[in-house]
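What follows is each chain in one-letter form.
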Amino acid sequence: MDKLPELMTVIEISTPGGPEVLVPSHRSLPIPGVGEVLLKVAYAGVNRPDVIQRRGLYPAPPGASDLPGLEVSGTVIAVGDGVDPTIIGARYCALVSGGGYAEYCVARMDVCLPVPASMDMVEAGALPETLFTVWHNVFERGYAAPGETVLIHGGTSGIGTMAIKLGKLFGLTVIVTCGSFNKCAAAQKIGADHAINYNDSDFVERVKAITHGEGVHLVLDMVAGSYVPRNLQCLREDGRHVTIAVQGGMTAEINMAYVMSRRLTLTGSTLRPRTSAFKAMLAQQLLAKVWPIVCDGTLHPEMDKVFPLTEAAAAHAYMESGAHVGKIMLEV
């Protein structure tokens, strides 16, 4: 690390609050530990958990950087013990527990995914958070299988657009909800079979109509709160409900007799606090089952806007406006 600069530009959360609390600062470069690599960051993804952390509601897990940023793409410039030094200079994207909003970021090698030669680094940086989240919650925790129908809320978010694309590539019928007709049209252009404007119609009734009264096999829920009992009304017998965010509230009142009578399964997960071993296992599953369709160009993330790193506050304001379709990125 002799040739590296002593300091790097980072984006810090100066105090919990609005987008304006994201401020550029300078810190010493992190040093990769055992099993880790140091990436010279090209792009960092902006994700909803970053916004929640900025508000002071989602602290970094023990041992993680306090800087926001859960996914990056970049070039390996240094390695820790136990990592083959011949990978220095190689391009990777990585899921990280924090620290992505910076010029340099440490990542565990076992959650780094090689960037295909044909893929731009901005697209590579947009993959890890959504890909890890959707694969685990739709296909592993949600047990989605070819021929099934899934309801996805937030159809034009980063998670929603990835869920549409993966769902179609793995044989699912995809229904999404969006907040406007324009967003519904965008979701269908991306690949959704049906898009419901939740501001214009009752998504429960629309799901019943679309499925001829049978309901969906799986709901991917980012809202929670009052949506949960409505989501359950959308499920067919033996349906599965997977919650991955609580934007509508952390509590819900549901009829447990209804759950019992229809044999419904309710589950959920968060990715950031999971163990390194779990994330490494998930990375291996992605390499085997999904990365081939990334490498051959079949799967790309849906991209929206790119902001300079020092304009992270503007990127957060844009995310909170709800205007985006797909991923918002920071260029480092």
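Here, every reference points to the structure presented above.
Summarised in this report is the structure supplied together with it. These figures come from a predicted structure and were not determined experimentally. (Residues numbered from 1 in each chain as written. Predicted model: local features only at pLDDT ≥ 70, side-chain atom pairs only at ≥ 80, totals over all residues. Heavy atoms only, no water.)

### Overview of the sheet that holds strand β8 (residues 149-152)
Hydrogen bonds between backbone atoms are what pair the strands of a sheet, whose relative direction is either parallel or antiparallel. Applicable threshold: Following DSSP output, two strands are said to pair if at least two bridges run between them. Counting from the N terminus, the helices are the DSSP runs of H or I reaching at least four residues and the strands are the DSSP runs of E reaching at least two. Axis lines are fitted through C-alpha atoms, for helices just across the contact stretch, and the angle between N-to-C directions can take any value from 0 to 180 degrees. Every residue pair with non-hydrogen atoms within 4.5 Å of one another is taken to be in contact.
With parallel pairing, the 6 strands of this open sheet are ordered in space as β10-β9-β8-β11-β12-β13. Single-partner strands in this sheet number two, and they are β10 (194-197) and β13 (265-268). Averaged over neighbouring strand pairs, the angle between their axes works out to 20° when direction is ignored. Across 4 bridges, the pairing between strand β12 (residues 235-243) and β13 is parallel. Note on β13: the bridge partner recorded for Arg240 is Thr265. Against the sheet, helix α6 (residues 203-210) makes contact with β8, β9 (173-178), β10 and β11 (216-221), and its axis sits at roughly 155° relative to β10, the strand it touches most.

### Comments concerning the packing of aromatic side chains
Put simply, the rule is: Working definition: rings of Phe, Tyr and Trp (its six-membered ring) pair if their centres are within 6.5 Å, and the pair is stacked with planes under 30 degrees apart, edge-to-face with planes over 60 apart, and tilted otherwise. Only protein chains enter the calculation, and the probe is 1.4 Å; a residue is then buried if its accessible area is under 20% of its type maximum, exposed if over 50%, and partly exposed in between. Definition used: whenever NZ (Lys) or CZ (Arg) falls within 6 Å of the ring centre and also within 35 degrees of the ring normal, the charge is taken to sit over that ring.
For the coordinates displayed, the defined rule picks out 5 aromatic pairs. Ring geometry for Phe139 and Phe170: centres 5.4 Å apart, planes at 55°, overall tilted. With Phe139 in helix α3 (residues 128-140) and Phe170 in the loop between α4 (158-169) and β9, this residue pair connects regions lying 31 residues apart in the sequence. With a centroid separation of 5.1 Å and an interplanar angle of 40°, the aromatic rings of Phe203 and Tyr227 are classed as tilted. Of the two residues, Phe203 is situated in helix α6 and Tyr227 in helix α7 (residues 227-234); the sequence distance between them amounts to 24 residues. Take Phe203: its relative accessible area is 1%, and that puts it in the buried class. By the ring-pair criterion, three or more aromatic residues cluster together here, those being Trp135, Phe139 and Phe170. Sitting over the face of the ring of Tyr227, Arg230 holds its NZ or CZ atom 5.4 Å from the ring centroid. Taking NZ or CZ as reference, Lys305 lies 4.6 Å from the ring centre of Tyr318, over its face.

### Regarding the pattern of salt bridges
For the record, the criterion: Salt bridge criterion: a side-chain nitrogen from Lys or Arg within 4 Å of a carboxyl oxygen from Asp or Glu.
Under the criterion given, the structure shown has 13 salt bridges. Glu237 serves as the salt-bridge partner of Arg263, at 3.2 Å between the closest nitrogen and oxygen. Taken together, the residues Arg263 in the loop between α8 (256-262) and β13 and Glu237 in strand β12 connect sequence positions 26 residues apart. The class of Glu237 is partly exposed, set by a relative accessible area of 42%. Through salt bridges with shared partners, a single network forms among Glu12, Arg27 and Asp66.

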